[in-house]
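So the chains spell out like this:
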Amino acid sequence: MNSKLFDLTGRTALITGSSQGLGFAFARGLAEAGATVVLNGRDEKKLALASAELTAAGLKVATAAFDVTDGAGIERAIARIEAEVAPIDILVNNAGIHRRALLAEMTEAQWREVLDTNLTSAFLVGRQVGPRMIARRSGKIINTCSVMSEVCRPTTGNYAAAKGGLKMLTRAMATEWAKHNLQVNGIAPGYFETELNKPLVENPDFNKWICGRTPAGRWGKPAELVGTVVFLASTASDFVNGQIIYVDGGLLAAI
Ligand code: GCO
């Protein structure tokens, strides 16, 4: 097999929402595959800590603090990354938050904040990075979808609507940009042990439910997503477009 298929040496990857959680796991995995990774978040202190950890591991890393819901700030940040770090070869639209509430009790702010951060951000960052990739006739865009792109549970209506929309934005980007040699796909985690899910993991009833609802019988570990994100970022996926890959321990296969 061609050993270069999964080699990201010489490529630069921007991962939004990557100072912790799944985004940080993606960044570490892409860096270990040879990429220079640009970490993003709003908190400069968290970014510095995350950057120091990857640097200490001998990996190539830069940071870019910007708010993924601020169009003007994104425009400045992408221009600065391309000028000061390198052209972006791989974009992972990963930033995401939860504001759990039943729909009948959900405030407009809880709705808008989740849709802005989890969905609109991918459009705003994508419309700065996509045209640059198009001009270079090369690029990989990976949107962090979710099993909640397909199913949801009470109190996650805003999050599921956003992740469902992100599935369709992924297909829209692929439809328009594949002819320019961009590959746009989604990675869709099931239930993983992350900071975002800490309250759920530590809740005995929820933990029991998830381990029963997931055929693998357990929560996923963030490192178990790395193979899929490296595949979607590499030459190995050059003819894969508009696909959502579910890494969920079989959850969506089972009722
Ligand atoms: C929840 C969880 C989910 C999952 C995530 C998996 O509240 O049920 O946080 O949203 O963790 O969507 O991709």
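The sections below set out a description of the structure shown in this document.

1. Considerations on helix 8 (residues 226-233)
Part 1: Across the eight residues that make up helix 8, a large majority, six, are buried.
Part 2: Taken together, the buried residues of helix 8 touch helix 1 (21-32), strand 4 (90-93), strand 5 (139-144), strand 6 (182-189) and strand 7 (244-247).

2. A word on the pairing of strand 2 (residues 36-41)
Part 1: For strand 2, a buried count of six out of six residues is recorded, marking the element as mostly surrounded by other parts of the structure.
Part 2: Every second residue of strand 2 is oriented toward a common face, with Thr36, Val38 and Asn40 on one face and Val37, Leu39 and Gly41 on the other, all of them buried.
Part 3: In terms of strand pairing, strand 1 (residues 12-15) meets strand 2 through four bridges, oriented parallel. In the sheet register, Thr12 faces strand 2, and the bridge partner there is Thr36.
Part 4: Sheet topology places strand 2 next to strand 3 (residues 61-65); five bridges connect them, and they run parallel.

3. Let's talk about the environment of Gly139
Part 1: When you line up the elements, Gly139 lands in strand 5.
Part 2: Assessed through its relative accessible area of 3%, Gly139 is described here as buried.
Part 3: Between the C-alpha atoms of Gly139 and His180, which are 41 residues apart in sequence, the distance is 8.8 Å.
Part 4: Once you skip the residues sitting within four places of it in the chain, Gly139 turns out to touch Asp89, Met133, Asn181, Leu182 and Gln183.

4. Points about the environment of Ile78
Part 1: The residue Ile78 is located in helix 3 (residues 71-84) in this model.
Part 2: Here Ile78 falls in the buried class, since its relative accessible area comes to 0%.
Part 3: Each C-alpha atom, one on Ile78 and one on Arg132, is 9.9 Å from the other, the two residues being 54 residues apart in sequence.
Part 4: Those residues in contact with Ile78, other than ones at most four positions away along the chain, are Leu14, Ile88, Val125, Gln128, Val129 and Arg132.

About the cut-offs
Residues numbered from 1 in each chain as written. Predicted model: local features only at pLDDT ≥ 70, side-chain atom pairs only at ≥ 80, totals over all residues. Heavy atoms only, no water. Buried < 20%, exposed > 50% of the residue type's maximum accessible area, 1.4 Å probe, protein only. Helix = DSSP H or I, 4+ residues; strand = E, 2+ residues; numbered from the N terminus. Contact = heavy atoms within 4.5 Å. Pairing = 2+ DSSP bridges.

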